[in-house]
Amino acid sequence: MDEFRFLHAADLHLDSPLLGLTEKSGDYARLVADASRRAFNDMVNLAIESKCRFVVLAGDVFDGDLRDTQCGLFFINGMARLQAAGIRVFMILGNHDAENRFARHLHITDNVHLFATTGAETCLMEDLGVAVHGHSFPRRDVRDNIARQYPPPVPGLFNIGILHTACQGREGHETYAPCTLEQLVNHGYQYWALGHIHTHEILHRDPYVVYAGNLQGRHAREAGPKGASLVTVRDGKVADVEPKVLDAVRWACERVDLTNTITHEEMGTRIRSTMRDVVAQAQGRPVALRLELVGATALHADLLRDRRELKLEIEAILASVSDQIWLERLKVETSAPVRPAMLDPSTGGRIAADIRAAATPDALLAELDTIITTILDRLPLSDRKEEIRASILHDVPARARDLALSLVENPEGADNADQ
C-alpha cells in the first residue's frame, strides 16, 4: 500500500499501582487504581480512530507480581475490540511479563501474534508489504544481546523489529537485552519499536529507532506526558512518528523558588502561579504532585518548625487552583537568608555559628547508616536500595542542622517543632 499507519506502544504495566499515592482513599483511590486501564482503553480507541492497520506492543504489558486474572481478561477484551476493527497486534513479552504467571498462557484473540521466547521470528503481512520481527523474554533477567538473533530484513518489504531493551544502557533501568544504537541502525530494518525505557525518545531517524515510553506514569520519577507513538508509513518509508498523550493521571515534579519571600501570602502567590501552568499542561487530567520549596527566604525557620501545619497550608493553596491536584510529597529545601544577625555575639548567635560550622560526627553517621540498612533490609527487594540509603544519609544531617538553627534563631517556635 502507498500509505498506512500503525501504533507503537510499550510498558503498559496494567494494574500497576501508582506508587506514593496508596494512602489516599475514597474517590481518589478509585481514580488512581484504574489509571493504567483507562490509558489502555484510550490506546485502543486511538488505534481504531486513527485507522491503524496494526499495533505493536514492545513488552511489559503486565506487572511481574500481578496475580489478578481479571487484568488478563481486561486485556483480552481490548484485543477483541481491535479484532472487530480489523486491526492486528504483534506483541513480545518483556522482563515483567516473563515473570508473570499468566502472561504467556492467555487465550489471546486470533488477531494477536505473541512472539516466541525461544528465538527471534518473523511475521509477514503481504497485503501491506510489511515484515515484523520479534523475540519475547524467556525469563526476567535477560542479559544477552538478543538483537543479534533477529533475522535479516526481508527484501522489498517494510521491516519492523520489536525489542525490549536497555539500548546503550539507561540510568535507573536494568540493562536487560543490551545492544548498541549502531547495531540496530545497521541491521537493515526501517523501524525499531523499542520498550523498557519509560520515556518517549527517538534515538535515530532513517532508520527510525524509537522508544514509545509507557502509557501511564507510575511514580514521581515518571513525570510529564505519557503515551504511544502513531507511525505513518508512506511509499515504504517512515513519514511521521507522532507521540500521542494517553495518560489518565499526570505526575508532576515542581520546584518553587521562595527567594526573598517574607510572608506566607507571597509563598502562596508563587505556588499558585506555578501550579496554574501545571494544570494547564495536564489538560484536565488529575495531577499527582511532588513539590519542592527552595531558595533563601525569611520563612525558612517557620517552614521547618511544623511540617504537618505546612502540609495543610500547601494543600489549601493547591485546592485554590484546582480540586484535581493531590500532594504526593512535600520537600522543604529552603535556606535562611544571610543577614548580620547571624554574626551576633550573643549566646544564641554563637550557638547558631557553631551549628553551621559543625560537621556531622562519623560515629553518628555510622549509627544512622546501621539504622537505615536495617530498615531497608526489611523492605521488598528493590533496585533503588543503595540510592535510597545514600539519599537519607545525605538529607538527615542537613535537616537536623536546619531544625536546630530554626529553634535557636526562633526559640518561641520550639514548643511547636515537628521533629
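Residues numbered from 1 in each chain as written. Predicted model: local features only at pLDDT ≥ 70, side-chain atom pairs only at ≥ 80, totals over all residues. Heavy atoms only, no water.

> So what's going on with empty space enclosed by the protein? Which residues, and what values?
All told, the structure shown has one cavity of 30 Å³ or more when counted by the stated rule. Considering only enclosed or pocket space, the largest cavity measures out at about 40 Å³ in volume. Class assignment for the residues of the lining of the largest cavity results in two nonpolar, five polar and two charged. (1 Å grid on protein atoms, 1.4 Å probe; cavity = no way out; pocket = protein on both sides within 12 Å on 5 of 7 lines; lining within 4 Å. Points joined across faces, edges and corners; volume = space filled by probe spheres on them. Nonpolar A, V, L, I, M, F, W, Y, C, P; charged D, E, K, R; others polar.)

> Let's hear about helix α3 (residues 69-84): which residues, and what values?
Given a rise of 1.5 Å per residue, 16 residues ought to cover 22 Å, and the 23 Å separating the end C-alpha atoms of α3 matches this to within 8%. Those residues of α3 that are buried lie in contact with α2 (35-49), β2 (54-58), β3 (88-92) and β4 (112-114). At the C-terminal side of α3, G86 shows a positive phi close to 75 degrees. (Helix = DSSP H or I, 4+ residues; strand = E, 2+ residues; numbered from the N terminus. Expected span 1.5 Å × (residues − 1). Contact = heavy atoms within 4.5 Å.)

> Lay out the packing of helix α6 (residues 264-282) against helix α8 (residues 307-321) with the relevant residues and their values.
Running from amino to carboxyl end, α6 crosses α8 at an angle of 50 degrees, the nearest separation of the two axes being 9 Å. The orientation of α6 with respect to α8, classified from their angle, is oblique. Crossing geometry of α6 relative to α8 is assigned as right-handed. Counting all contacts with α6, which are made through H264, M267, G268, I271, R272, M275, R276 and V279, the residues of α8 involved are L310, E313, I314, I317, L318, S320 and V321. Of the residues in the contact of α6 with α8, the class split is nine nonpolar, three polar and three charged. (Axes fitted to C-alpha atoms, helices over the stretch in contact; angles between N-to-C directions. Parallel < 35°, antiparallel > 145°, perpendicular 65-115°, else oblique. Left-handed = near helix turned anticlockwise from the far one by under 90°.)

> Explain the environment of A390 residue by residue, including any values.
Within the secondary structure, A390 is located in helix α11 (residues 385-409). By relative accessible area, A390 is classed as partly exposed at 43%. In this structure the C-alpha to C-alpha distance between A390 and D369, which are 21 residues apart in sequence, comes to 9.1 Å. (Buried < 20%, exposed > 50% of the residue type's maximum accessible area, 1.4 Å probe, protein only.)

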